[in-house]
Amino acid sequence: MALLERKRLEGLRAERLEELKSLKAQGKKVVGYFCLYAPVEIIQAAGAVPVRLARADYQSELEGERFLRADACPFCKASLGKFAHDPLYQLIDAVVSVNTCDMMRRLPESITANFSLPVFSLYLPRTSEPFPNRLSAFQAGLVDLKEWLGSLTGQEWQNERLKEAINEMNQLRRKLQELDQSRAEKPPKIRGGELFDIVALATLLPPRRMLNLLNELLSMVWAAPGTVDKNRVRLLLTGSILSEEDRTLIEIVEEGADIVADTVCTGSRWFHEELKVEEEPFAGLARFYFNRTPCACRRPNNALFDYIREQVQERKVQGIVNKSLLYCDAYRFEGKWLRQEIGIPVLEVDGDYSQENLQQLRTRIEAFLEMLR
Ligand code: SF4
């Protein structure tokens, strides 16, 4: 039985959508953000409502081709398509984006040009060693973001609110870590796909409400006996962003195996670290976000491989599924290193959000699992 039934999940999303509409009617600003480097705590403390923009499906991808060329990143195309028709995206007053890969650097221009929305493009140094000059440049960008959000919401900045937001987000991250830990059990207590759905919900609901829900789910998780066959293959999922509506790969994989770990930015990489509250909160925020387990597009990104290696060892992972989105060079290029560095079998899958070639995908996954059994 699912931990969070689909009907309840959809109900919570629909309820939140209505709530956002009424918050907007009261003058609140809804700020959409892309990427795990976007500092949610600052958006919250500025008095806006943060919502992660990570929805993408085939219809939006096709619609996005009106704004971006056909061979652009499917996620970026779909994001633009979403602004054209998704009710959640139509509530967005402003966007925070981070200059990660080349496509994500282009996305803000397209959003502003086609939807007339203000976008703050946060500068993240491309090279990831935390040298003081890079950290201070990033910290200066966070302070600029605070000012920009202040003029959007018209609210006076209060450091106390920021501390509160950091504290809430840390509690949320800890609860998600606990839930994630239950995937490490043999057999795992929850399915990989469920964890992705719960993380997506955590980027939409207010933190306090999400904490209550997580407490409820956690008590169910630990009380329930593992129901899955102990001998199923244990896999780690890595690769490009996995959108909220893109569950096809996970569903096919979980027909015959368990996803006991992931290193995806909409999965465990969104919550597996903790932000230390420092005397100067912006210094702490800069250190935390700059040093997050990196996306494949950053250089050097050894910490991503260290995280994958650690997950593989701790969770007794037998194989890796590496899903790159079509035209996503950042993740496709890492496939070769993944094989060399981690030393366990890797299945490379690429594609967009279309449902074509499902049978071919299923056959490849079945053959991979057969090899691992
Ligand atoms: S890293 Fe890949 S998936 Fe992510 S936005 Fe860039 S091209 Fe798209």
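Quantities reported herein were computed from a predicted structural model and do not represent experimental measurements.

## Here's the deal with the sheet that holds strand β4 (residues 119-122)
Pairing between sheet strands relies on hydrogen bonds along the backbone, with the strands arranged either parallel or antiparallel.
Link 1 in the chain: Reading across from one edge, β2-β1-β3-β4 is the order of the 4 strands in this open sheet, with parallel pairing throughout. Where the open sheet ends on each side, the last strands, each with one partner, are β2 (49-52) and β4. Strand-to-strand twist across the sheet, computed as the mean angle between neighbouring axes with direction ignored, equals 25 degrees.
Link 2 in the chain: Both strand β1 (residues 30-33) and strand β3 (residues 94-98) contribute to a ladder of 3 bridges, which runs parallel. Bridging from a neighbouring strand, Val31 pairs with Ala94 of β3.
Link 3 in the chain: In the packing of helix α1 (residues 6-25) onto the sheet, the strands contacted are β1 and β2, and the crossing angle to β2 comes to about 140 degrees.

## So, empty space enclosed by the protein
Link 1 in the chain: Under the criterion given, the structure shown has 6 cavities of 30 Å³ or more.
Link 2 in the chain: The calculated volume of the largest cavity comes to roughly 70 Å³.
Link 3 in the chain: Forming the boundary of the largest cavity are Arg52, Ala54, Phe196, Val199, Ala200, Thr203, Leu242, Ser243, Glu244, Arg247 and Thr266.
Link 4 in the chain: With 3 residues, the top contributor of residues to the lining of the largest cavity is helix α8 (residues 192-202).
Link 5 in the chain: Looking at side-chain class alone, the lining of the largest cavity contains 5 nonpolar, 3 polar and 3 charged residues.

## Considerations on the packing of aromatic side chains
For any pair of aromatic rings, the description consists of the separation of the ring centres together with the inter-plane angle of the planes.
Link 1 in the chain: A full pass over the atoms with the stated rule returns 8 aromatic pairs.
Link 2 in the chain: Taken together, a centroid distance of 5.1 Å and an interplanar angle of 75 degrees make the contact between Phe83 and Tyr89 edge-to-face. For the pair shown, Phe83 and Tyr89 are each scored as buried.
Link 3 in the chain: Measuring from ring centre to ring centre gives 5.8 Å for Trp157 and Phe282, while their planes differ by 50 degrees; the resulting arrangement is tilted. Of this pair, Trp157 sits in the loop between α6 (132-153) and α7 (159-181) while Phe282 sits in helix α11 (residues 281-290); the two residues are 125 residues apart in sequence, bridging distant segments of the chain.

## Some thoughts on the site of the ligand
Link 1 in the chain: Around the ligand, the structure places Cys73, Cys101, Met104, Ser240, Ile241, Leu325 and Cys328.
Link 2 in the chain: Taken together, the residues that form the shell around the ligand break down as 6 nonpolar, 1 polar and no charged.

## With respect to the sheet that holds strand β6 (residues 257-262)
Link 1 in the chain: Strand order in the open sheet made by the 4 strands is β6-β5-β7-β8, with parallel pairing throughout. The sheet is open, and its two borders are formed by β6 and β8 (346-351), each paired with just one other strand. Direction aside, neighbouring strands of the sheet carry axes that sit 30 degrees apart on average.
Link 2 in the chain: Bridge count between strand β7 (residues 319-325) and β8: 6 bridges; the pairing is parallel. Its bridge partner lying in β8, Leu325 is registered against Gly351.
Link 3 in the chain: Its contacts with the sheet put helix α15 (residues 358-372) on β5 (233-239), β6, β7 and β8, and the angle it makes with β8 is roughly 170 degrees.

## Notes on the nonpolar core
Link 1 in the chain: In this structure, Phe34 and Trp270 are the most contacted members of the largest nonpolar core, which totals 109 residues.
Link 2 in the chain: Per-element accounting of this core gives the leading share, 7 residues, to helix α9 (residues 207-223).
Link 3 in the chain: Counting residues in each nonpolar core, the second largest holds 20 residues, with Leu242, Val264, Leu361 and Phe368 among its members.

## Quick word on the pairing of β5
Link 1 in the chain: Along β5, 7 of the 7 residues are buried, which leaves the element largely enclosed by surrounding structure.
Link 2 in the chain: Bridge count between β5 and β6: 5 bridges; the pairing is parallel. Within β6, the residue paired with Leu236 across the bridge is Ala261.
Link 3 in the chain: In this view, the connection linking β5 to its parallel neighbour β6 by way of helix α10 (residues 248-256) has right-handed handedness.

Calculation notes
Residue numbers run consecutively from 1 along every chain, following the written order of its sequence. Per-residue local features are limited, in this predicted model, to residues with pLDDT of at least 70; the limit for side-chain atom pairs, both in listing and counting, is 80 or more; totals at the level of whole chains, interfaces and linings are taken over all residues. Values shown for side chains rest on all heavy atoms present in the structure; no hydrogens or waters enter the calculation. One requirement defines pairing of two strands: DSSP has to find at least two bridges between them. In this description a helix means any DSSP run of H or I spanning at least four residues, a strand means any run of E spanning at least two, and both kinds are numbered starting from the N terminus. Helix axes use the C-alpha atoms of the stretch in contact, all axes being lines fitted to C-alpha atoms, and the angles between their N-to-C directions lie in the range 0 to 180 degrees. Residue contacts are defined here by distance: any two heavy atoms, one from each residue, within 4.5 Å place the two residues in contact. Method remark: on a 1 Å grid restricted to protein atoms, a set of points is classed as a cavity if a 1.4 Å probe fits but cannot get out and as a pocket if it is open with protein on both sides within 12 Å along at least five of seven lines; lining residues have an atom within 4 Å of a point. Grid points are joined across faces, edges and corners, and a volume is the space filled by probe spheres set on the points. Note on residue categories: nonpolar means Ala, Val, Leu, Ile, Met, Phe, Trp, Tyr, Cys or Pro, charged means Asp, Glu, Lys or Arg, and polar means any other residue, Gly included. We call Phe, Tyr and Trp rings a pair once their centres come within 6.5 Å, taking the six-membered ring for Trp, and we label the pair stacked below 30 degrees between planes, edge-to-face above 60, and tilted otherwise. Categorising residues by exposure relies on relative accessible area from a 1.4 Å probe, with only protein chains included: less than 20% of the type maximum marks a residue as buried, more than 50% marks it as exposed, and the intermediate range marks it as partly exposed. We call a residue near a molecule or strand when any one of its heavy atoms sits within 4 Å of it. What is meant by a nonpolar core is a set of buried Ala, Val, Leu, Ile, Met, Phe, Trp, Tyr and Cys residues, joined one to another through side-chain atoms within 4.5 Å. Place the viewer so that the strands point away; then a crossover is right-handed whenever the path from the first strand over the helix to the second strand goes clockwise.

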